[in-house]
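As a plain string of letters, each chain reads:
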Amino acid sequence: MRFYFDISDRLPIRDQVGRDFRLASEAVVYAKHLAADLRCLEPDIRPRLSIRVIGEGREPIHEEAVFT
C-alpha cells in the first residue's frame, strides 16, 4: 500500500510521491524515524511541527509530533 507523509507546521508540505509499505504500522514507524531526523536538524523547537501519515485513499492514519 502507498502511504504519504505530510509535514504540518505554519505552512503544510504535502507529500506527492509517497512510499510503499505492507502495513500501516510500518508507515507509522517510518514517520517516527522522520520525526527524529527533523528533531536533529531543526535548531528551534516548533510545537506545531508534525508528520501526518496519510493512506492510499487520502485518509489520515497517524500524526507524529516532532517536538513533544
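I will try to describe carefully the structure that is included in this document. (Residues numbered from 1 in each chain as written. Predicted model: local features only at pLDDT ≥ 70, side-chain atom pairs only at ≥ 80, totals over all residues. Heavy atoms only, no water.)

Section: unusual backbone geometry
Here the phi dihedral of Arg58 falls at roughly 65°; this positive angle occurs in a residue that is not glycine. Among the structural elements, Arg58 can be located in the loop between strand S3 (50-54) and strand S4 (60-65). The class of Arg58 is partly exposed, set by a relative accessible area of 40%. (Helix = DSSP H or I, 4+ residues; strand = E, 2+ residues; numbered from the N terminus. Buried < 20%, exposed > 50% of the residue type's maximum accessible area, 1.4 Å probe, protein only.)

A word on the side chain of Asp6
Mapped onto the secondary structure, Asp6 falls in strand S1 (residues 2-8). For Asp6, the side chain forms a polar contact with the side chain of Arg14, separated by 3.5 Å. If we skip the residues at most four places from it in the chain, Asp6 touches Ile13, Arg14, Asp15, Ser50, Ile51, Arg52, Ile54 and Arg58. (Polar contact = N/O pair within 3.5 Å; in protein donor to acceptor, adjacent residues only side chain to side chain. Contact = heavy atoms within 4.5 Å.)

Remarks on the environment of Phe3
You can see Phe3 is positioned in strand S1. For the pair Phe3 and Ile54, spaced 51 residues apart in sequence, the C-alpha to C-alpha distance is 5.6 Å. If near-sequence neighbours (up to four positions away) are discounted, Phe3 is found in contact with Asp15, Gly18, Arg19, Phe21, Leu23, Ala24, Ala27, Val53, Ile54, Gly55 and Ile61.

Quick notes on the nonpolar core
Counting residues in hydrophobic clusters, the biggest one holds 11 residues: Phe3, Phe5, Phe21, Ala27, Ala31, Ala35, Leu49, Ile51, Val53, Val66 and Phe67. Of all the secondary-structure elements, those providing two or more residues to this core are S1, helix H1 (24-41) and S3. Top element by residues in this core is H1. It accounts for 3 residues. For Phe67, the contacting residues outside a window of four places in its chain are Arg39, Glu42, Asp44, Ile45, Arg46, Pro47 and Leu49. (Core = buried A, V, L, I, M, F, W, Y, C linked by side-chain atoms within 4.5 Å.)

Structural notes on the sheet that holds strand S2 (residues 19-20)
Taken in spatial order, the 4 strands make up an open sheet running S2-S1-S3-S4, and their pairing is antiparallel. A single partner strand is all that each edge strand has here, and the edge strands are S2 and S4. The sheet contact formed by S3 and S4 spans 5 bridges and is antiparallel. Bridge assignment links Ile51 to a residue of S4, and that residue is Glu64. Running at roughly 25° to S4, H1 makes contact with S1, S2, S3 and S4 of the sheet. (Pairing = 2+ DSSP bridges. Axes fitted to C-alpha atoms, helices over the stretch in contact; angles between N-to-C directions.)

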